[in-house]
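Single-letter residue listing:
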Amino acid sequence: MSPDGIKLLKTPVLDKSKWMQLPRDVIIGHDALMQLPKVCEDLQVSGSVLIFSGKGTMNVAGSRVLSLVKEVADAEVFIVDKISPEIISEAEEVGAGVDVFIGVGGGRVIDTAKIVSYNCCRPFISVPTAASHDGIASSRASVPVKGGSVSLEANPPIALVADTGIIAAAPHRLLAAGCADVISNYTAILDWELSHRLRGEPISDYAMALSRMTAEIISKNADLIKPHAEESAWTVIKALLSSGVAMSIAGSSRPASGGEHKFSHALDQIAPGKGLHGEQCGIGSIITMYLHGGDWRSIRTSLKQIGAPTTPKEIGIDDKSAAQALILARSIRPERFTILDMGITEEVAEQLIAMLYED
Ligand SMILES: NC(=O)C1=CN([C@@H]2O[C@H](COP(=O)(O)OP(=O)(O)OC[C@H]3O[C@@H](n4cnc5c(N)ncnc54)[C@H](OP(=O)(O)O)[C@@H]3O)[C@@H](O)[C@H]2O)C=CC1
Ligand SMILES: O=C(CO)COP(=O)(O)O
Ligand SMILES: [Zn+2]
């Protein structure tokens, strides 16, 4: 009985709790960059800021971000040429004592900012210059390591500032790669379900539903994704944001990364620097959808409509290397069970690659 006489029910204790981190401020739109000083004010950013940017993206947006942030705080720049455990350690040394990190660039730059921010226990702001990957707001960072790649826990951005003017002006190849990264969620989910059925891996219906819906929005609007159209940049950025949120809900990249991603990571080993991450995942997704018995042709049609590649040849990778990557995929993150871990012979791998060229 409570002090005021109300009878309290005894409910069974649910021994479960989850901590999800999501962005606090999300600003998407034309000239969104100009809002940065206001965003810093809102987040009470002062003191020192370290801006991560790339060699090219420094000119595209990094320099402007530097002068805008200097209005409210001390700011320095760290140029990220590639992402590796060594570069991350170096960046952490430079970033020691910094109050806030800002990542201005593509996926490698944003992942570096995200992981340094996590390791230094300071917040970071994500300023994507291209809609090329769904890590713009996720709480994971992908880091290439010897013989593969790891997905590390990281800080999601405290704020996402996506300037659709800058993103629409980027090469269309980058936007198409972002669409392909999201479309590949279809097969990532199928792989997750497979692992649930075969290995008892826990799944999250909510994360799956969000991830699938995101892939659907891009596939259904594939014919509306046009080069250098700000409206298209809007659609894709929103999809990348939702896909990132799905990862944060799941607490892993599972809703957005299955066998097609392991294939992409394997290609990064076998044929580095050829295809973009999203492009490789899109091609991988056609193959794994075929293996799942799903509608692989419709994935291929959507990718073609958007202008994303659907064959290794289009990204300068020979078919033999692509077939090798299908086999190597199983040794990358072996704990992440997918359809590619069920045993693919060399002969079958070659047939699967040949299928990509069929009418
Ligand atoms: N954490 C996560 O959840 C996820 C992480 N990823 C990771 O992200 C990376 C892939 O990202 P992606 O962006 O494709 O690759 P990169 O970061 O390698 O960027 C590709 C290229 O695009 C350039 N670029 C970016 N913006 C512009 C622009 N506006 N105009 C002209 N060039 C531009 C970059 O320039 P510059 O040389 O200046 O950098 C770079 O040369 C991978 O490492 C992948 O693992 C992918 C998905 C999810
Ligand atoms: O790229 C991702 C989602 O699109 C996640 O990356 P990982 O494959 O490294 O987990
Ligand atoms: Zn991806």
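Computed from a predicted structure; not experimentally measured.

1. Some remarks on helix α12 (residues 296-306)
Regarding α12, the residues found buried are Trp296, Ile299, Arg300, Ser302, Leu303 and Ile306. Taken end-on, α12 shows its buried residues confined to a sector of 160°, consistent with a single buried face. Where α12 is buried, its residues contact α6 (172-183), α7 (185-199), α8 (205-220), α11 (277-291) and α14 (346-355). Backbone geometry just after α12 places Gly307 at a positive phi near 100°.

2. Concerning the site of ligand 1
As a matter of local geometry, ligand 1 sits amid 27 residues, with Arg108, Thr129, Ser132, Ser138 and Arg140 nearest to it. Within the contact set of ligand 1, an oxygen atom lies 3.3 Å away from a backbone nitrogen or oxygen of Lys55. Separating an oxygen atom of ligand 1 from a side-chain N or O atom of Ser138 is a distance of 2.8 Å. Protein contact buries 82% of the 930 Å² of open area that ligand 1 shows by itself. Secondary-structure elements contributing two or more residues to the shell around ligand 1 are α2 (57-69), α4 (107-119), β6 (140-145) and α6. Among the elements that make up the shell around ligand 1, the one with the highest residue count is α4 (four residues). Its residues placed into classes, the shell around ligand 1 shows eight nonpolar, 12 polar and seven charged.

3. Things to note about the UniProt feature "binding site: NAD(+)" (unreviewed entry) in the protein chain
Residues given the UniProt feature "binding site: NAD(+)" (unreviewed entry) here are Gly107, Arg108, Val109, Ile110, Asp111, Thr129, Ala130, Ala131, Ser132 and Ser138. Note that Thr129 resides in the loop between β5 (124-128) and β6. If we skip the residues at most four places from it in the chain, Thr129 touches Thr57, Val60, Ala61, Val104, Gly105, Gly106, Ile166, Ile167 and Ala170. For Ala131, the position within the fold is in the loop between β5 and β6. For Ala131, a relative accessible area of 1% corresponds to the buried category. Residues in contact with Ala131, not counting those within four places in the same chain, are Ile167, Leu174, Leu175, Gly178, Val236, Ile237 and Leu240.

4. Structural notes on the coordination of the zinc ion (ligand 3)
Protein coordination at the zinc ion (ligand 3): the donors are Asp181 (OD), His261 (NE2) and His277 (NE2), at 2.1 to 2.2 Å from the metal. Summarised as a motif, the one-chain spacing of the donors to the zinc ion (ligand 3) is D-x79-H-x15-H. In this pair, Asp181 sits in helix α6 while His261 sits in helix α10 (residues 259-270), placing the two residues 80 residues apart along the sequence.

5. Description of the packing of α6 against α8
Put simply, α6 and α8 touch, their axes get as near as 8 Å, and they point 135° apart. Between α6 and α8, the angle is such that the two are oblique. Handedness of the α6/α8 crossing: left-handed. Residues Cys179, Val182 and Ile183 of α6 touch α8, and the partners they reach there are Thr214, Ala215, Ile218 and Ser219. Per-class residue counts for the contact of α6 with α8 are five nonpolar, two polar and no charged.

Calculation criteria
Residues numbered from 1 in each chain as written. Chains lettered and ligands numbered in written order. Predicted model: local features only at pLDDT ≥ 70, side-chain atom pairs only at ≥ 80, totals over all residues. Heavy atoms only, no water. Buried < 20%, exposed > 50% of the residue type's maximum accessible area, 1.4 Å probe, protein only. Helix = DSSP H or I, 4+ residues; strand = E, 2+ residues; numbered from the N terminus. Arc of directions from axis to C-beta. Contact = heavy atoms within 4.5 Å. Near = heavy atom within 4 Å. Polar contact = N/O pair within 3.5 Å; in protein donor to acceptor, adjacent residues only side chain to side chain. Areas by Shrake-Rupley, 256 points an atom, 1.4 Å probe, with all protein chains shown as cover. Nonpolar A, V, L, I, M, F, W, Y, C, P; charged D, E, K, R; others polar. UniProt positions renumbered as here; feature names shortened; annotations may be inferred. Donors = N, O, S within 2.8 Å, 3.2 Å for Na, K, Ca; no water. Axes fitted to C-alpha atoms, helices over the stretch in contact; angles between N-to-C directions. Parallel < 35°, antiparallel > 145°, perpendicular 65-115°, else oblique. Left-handed = near helix turned anticlockwise from the far one by under 90°.

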